[in-house]
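Remarks on the overall topology
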Amino acid sequence: MPKSLLIIHSSARANRSLTRELAQIFEESWTRSGGGAVGHRDVGLTPPAILNEDWIAAAFTDPSELTDAQKETLAESDTLIDEIKSADVIALCAPMYNYSMPASLKAWFDLIARVGVTFSFDLARGDTPIEPILTGKKLVVLSSRGEFGFAPGGERAHLNGLDPAIAASAHYLGADAGEMETIAIEYQEFGDKRFETSLAAARSRAKQAAIELAI
Ligand SMILES: Cc1cc2nc3c(=O)[nH]c(=O)nc-3n(C[C@H](O)[C@H](O)[C@H](O)COP(=O)(O)O)c2cc1C
């Protein structure tokens, strides 16, 4: 059975987006390599709802006691989680915005982190009450940054509020943060030789990573 891929876009730009370009390279390589169905979710162009009090109350209500209105409140979250459940591999396109993730992507994470659905919470487990419910998925992050040096040990590593946040939430997607790969273009704002080198390396790695993940 071929593996299925879910691509999440979060660039606010429909055109000239480098993360969208990496995703296209990844998808083409995936399909050429025998990978199966590809689903797309574009939170950059169509942002999900922001959490509010009604949503939180519904998410913490026993499913058997949900009112019709509460079911409707959770419907978008249900859809987004179903998309994750049906994927073997998730390609998360995550541009760096203001040293963190785009607000639309954070909204998506907030909707897919659901008690009793993507994680369980049990104080009987002591100081580690949270356990993921989904398992066995591979996560690849396709990113782009205007500046550079955000990898561990780099000159801007201390400013990187993007990669650690994704790693912290990877378990909600059923992915192991330790196995997650981040392919990141840097130097975009400089547009110089360093950018060209970084872009070429990211394109090449995206193509290869898709081959490795499709089989
Ligand atoms: C609103 C906004 C905020 C940004 N903030 C940062 C930042 O904090 N650090 C950085 O290195 N680049 C920053 N950039 C540059 C983007 O990371 C870069 O342009 C990237 O290529 C955007 O992804 P995209 O090409 O897929 O749209 C920012 C760009 C935008 C549009």
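Preceding block: the structure.
Below is a short write-up of the structure. Remember, predicted model here, so these are calculated numbers, not experimental data. (Residues numbered from 1 in each chain as written. Predicted model: local features only at pLDDT ≥ 70, side-chain atom pairs only at ≥ 80, totals over all residues.)

Pairing geometry for strand E6 (residues 138–144) and strand E7 (residues 181–185), over five bridges, is parallel. Its bridge partner lying in E7, Ser-144 is registered against Ile-185. (Pairing = 2+ DSSP bridges. Helix = DSSP H or I, 4+ residues; strand = E, 2+ residues; numbered from the N terminus.)

Take the packing of helix H1 (residues 18–32) against helix H6 (residues 193–214) next. With their axes 8 Å apart at the nearest point, H1 and H6 run at an angle of 35° to one another. Remark: the crossing between H1 and H6 carries right-handed chirality. Every residue of H6 that contacts H1 at Leu-22, Ile-25, Phe-26, Ser-29 and Trp-30 is listed here: Ala-202, Arg-203, Ala-206, Lys-207, Ala-209, Ala-210, Ile-211 and Ala-214. The residue inventory of the contact of H1 with H6, partitioned by class, reads 10 nonpolar, one polar and two charged. (Axes fitted to C-alpha atoms, helices over the stretch in contact; angles between N-to-C directions. Left-handed = near helix turned anticlockwise from the far one by under 90°. Contact = placed C-beta atoms within 7 Å. Nonpolar A, V, L, I, M, F, W, Y, C, P; charged D, E, K, R; others polar.)

Bringing the environment of Thr-182 into the picture now. Relative to the elements of secondary structure, Thr-182 occurs in strand E7. Sequence-wise, Thr-182 and Asp-163 are 19 residues apart; in three dimensions their C-alpha atoms are separated by 8.0 Å. Once you skip the residues sitting within four places of it in the chain, Thr-182 turns out to touch Val-141, Ser-143 and Asp-163.

The next thing to look at is H1. With 15 residues, H1 extends 21 Å between its outermost C-alpha atoms, agreeing within 8% with the 21 Å of an ideal straight helix rising 1.5 Å per residue. Within H1, burial applies to Leu-18, Thr-19, Arg-20, Leu-22, Ala-23, Ile-25, Phe-26 and Trp-30. Tucked into the core, H1 has its buried residues touching strand E1 (5–9), strand E2 (38–42), strand E3 (89–95), E6, E7 and H6. Positive backbone phi, approximately 90°, marks Gly-34, located one or two places after H1. (Expected span 1.5 Å × (residues − 1). Buried ≥ 20, exposed ≤ 12 C-beta atoms within 10 Å, placed from the backbone.)

The subject of this paragraph is the site of the ligand. Close to the ligand lie 16 residues, the nearest being Thr-19, Pro-95, Ser-144, Gly-146 and Glu-147. The element that contributes the greatest number of residues to the shell around the ligand is H1, accounting for three residues. (Near = placed C-beta within 6 Å.)

Honestly, that's just the spatial picture; any functional story needs more than this.
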